[in-house]
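Overview (structure and organization)
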Amino acid sequence: FSLSPNRLRACWNRNPEPDVVGYNVYLGTRAGVYDLGRLDVSNLSCTDLPLPDWFARGAVAVAAYDSSANEGPLTELLLKRSFRLSLPLVVDKR
């Protein structure tokens, strides 16, 4: 992950299963609550997520899906950043 003002760049390792055709990236206010949206990034392994100005902490999760739209388990990272500063970003892996 990398952060610039109001954007978060998220990258992940591709799922090695042969039937994976894409990834959904979720952004939320806390782990398990993805109330800020879902982004289907097709078969990309990196994307830039827009962050609201008020965003101070939250969670990002990525899930692979297959051609039948079956989604795999979420891989989740929790994000924290200073409310007024773009940096630093602390990523807590849980």
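Reading the values: rules and limits
- Residues numbered from 1 in each chain as written.
- Predicted model: local features only at pLDDT ≥ 70, side-chain atom pairs only at ≥ 80, totals over all residues.
- Heavy atoms only, no water.
- Helix = DSSP H or I, 4+ residues; strand = E, 2+ residues; numbered from the N terminus.
- Buried < 20%, exposed > 50% of the residue type's maximum accessible area, 1.4 Å probe, protein only.
- Phe/Tyr/Trp six-rings, centres within 6.5 Å; stacked < 30°, edge-to-face > 60°.
- Core = buried A, V, L, I, M, F, W, Y, C linked by side-chain atoms within 4.5 Å.
- pLDDT = per-residue confidence, 0-100.
- Disulfide = S-S within 2.5 Å.

Bringing unusual backbone geometry into the picture now. Backbone geometry at S42 places phi at a positive 60°, although glycine is not the residue there. Considering the arrangement of structural elements, one finds S42 in the loop between β4 (37-40) and β5 (46-50). Assessed through its relative accessible area of 44%, S42 is described here as partly exposed. Positive phi, normally seen in glycine, also occurs at A69, with a value near 70°. Considering the arrangement of structural elements, one finds A69 in the loop between β6 (57-66) and β7 (75-81). In this structure A69 comes out as exposed when scored by relative accessible area, which is 60%.

Turning to the packing of aromatic side chains, a few remarks are in order. This structure, assessed with the given rule, holds 2 aromatic pairs. Centre to centre, the rings of Y26 and Y34 are 5.8 Å apart; their planes meet at 55°, and the pair counts as tilted. Here Y26 and Y34 have matching classes, each one buried.

Below, the discussion takes up the nonpolar core. With 14 residues, the main nonpolar core has W12, Y23, V25 and V60 as its most contacted residues. Elements with a minimum of two residues in this core: β2 (7-11), β3 (20-28) and β6. Top contributing element to this core by residue count: β3, with 4 residues. One finds Y26, Y34, A61 and A63 within the second-largest nonpolar core, a separate group that totals 5 residues.

Do not read the fine detail of predicted coordinates wherever pLDDT is low. A residue-level look at the protein finds 76% of positions with pLDDT of 70 or above and a mean pLDDT of 77. Averaged pLDDT values over the elements of the protein bottom out at 39 in strand β8 (residues 89-93) and peak at 92 in β3.

Let us look at the state of the cysteines. The final tally for this structure, using the stated rule, is 1 disulfide. Residue C11 pairs covalently with C46 via a disulfide, S to S 1.9 Å. Across the S-S bond of C11 and C46 the torsion is about 115°, and the bridge reads as right-handed. Of this pair, C11 sits in strand β2 while C46 sits in strand β5, and the two are 35 residues apart along the sequence. Overall, the relative accessible area of 38% leaves C11 in the partly exposed class. Exposure remark for C46: the relative accessible area of 25% places this residue in the partly exposed category.

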